[in-house]
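# Observations on the three-dimensional arrangement
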Amino acid sequence: MTITEVDWQALEAAAVAAMNNAYAPYSKFQVGAAALTADGRIVSGCNVENASYGLSLCAECSLVGNLHMTGGGLLRAFYCVDGGGQVLMPCGRCRQLLYEFRAPDMELMTTQGIKTMDQVLPDAFGPQHLEETR
Ligand code: THU
């Protein structure tokens, strides 16, 4: 089954719920992320920091882990929020993480409205480049 319609309100609610699980004692900057999979599941994640600050995991890291722990697949739509529930742009590293699992029509809620994966990570490096050199 392929989902074309995106319930952005449901994704926002899932992102806020995930944000409330954040472990962010160092930055005090809670983040929650949620995504709709191409087969209609909602997966989510929160940031998990570490006393060794550089090891902190972004919310998108636990989201992609959750994706794989619940059946894998591709991401159709993505929503990320900060501790105040406002839309947050995924950091550069996390755009790359999301790119790996994008559905062809993946969209993201951004501070400038809905955008495509290609708009937030143009000219991306991805699995296709590894294929070309084999
Ligand atoms: N953070 C995320 O979880 N995702 C992002 O895309 C941006 C940053 C987290 C990492 C850290 O725990 C906190 O926000 C402050 O940088």
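The structure we're discussing is the one just above.
In what follows, the accompanying structure is described.

## Looking at the pattern of salt bridges
Overall, the coordinates contain three salt bridges when judged by the stated rule. We note a salt bridge from Arg41 to Asp39, for which the minimum N-O separation is 3.2 Å. Of the charged contacts, one joins Glu107 and Arg76 as a salt bridge, the two residues approaching to 3.1 Å between their closest N and O atoms. In this pair, Glu107 sits in strand E4 (residues 102-110) while Arg76 sits in strand E3 (residues 75-82), placing the two residues 31 residues apart along the sequence. Taking relative accessible area as the criterion, Glu107 reaches 23% and is therefore assigned partly exposed. Taken together, the shared-partner salt bridges connect Arg76, Asp105 and Glu107 into one network.

## Quick look at the nonpolar core
Considering soluble globular proteins, one finds that nonpolar side chains tend to be buried as a cluster. Leu63, Leu75, Phe78, Leu98, Met106, Leu108 and Met117 are the most contacted members of the largest nonpolar core, which totals 20 residues. Within the residue set of this core, elements represented by two or more residues are strand E1 (31-37), helix H2 (59-69), E3, helix H3 (92-100), E4 and helix H4 (117-120). The biggest single contributor to this core is H2, with four residues. Each residue touching Leu75, except ones within four places of it in the same chain, is listed here: Ala35, Leu36, Thr37, Val43, Leu63, Leu67, Leu98, Phe101, Arg102, Ala103 and Met106. The next biggest cluster of nonpolar side chains, apart from the first, holds 12 residues, and it includes Val6, Ala14, Met19 and Val81.

Conventions used here
Residues numbered from 1 in each chain as written. Predicted model: local features only at pLDDT ≥ 70, side-chain atom pairs only at ≥ 80, totals over all residues. Heavy atoms only, no water. Salt bridge = Lys/Arg side-chain N within 4 Å of Asp/Glu carboxyl O. Helix = DSSP H or I, 4+ residues; strand = E, 2+ residues; numbered from the N terminus. Buried < 20%, exposed > 50% of the residue type's maximum accessible area, 1.4 Å probe, protein only. Core = buried A, V, L, I, M, F, W, Y, C linked by side-chain atoms within 4.5 Å. Contact = heavy atoms within 4.5 Å.

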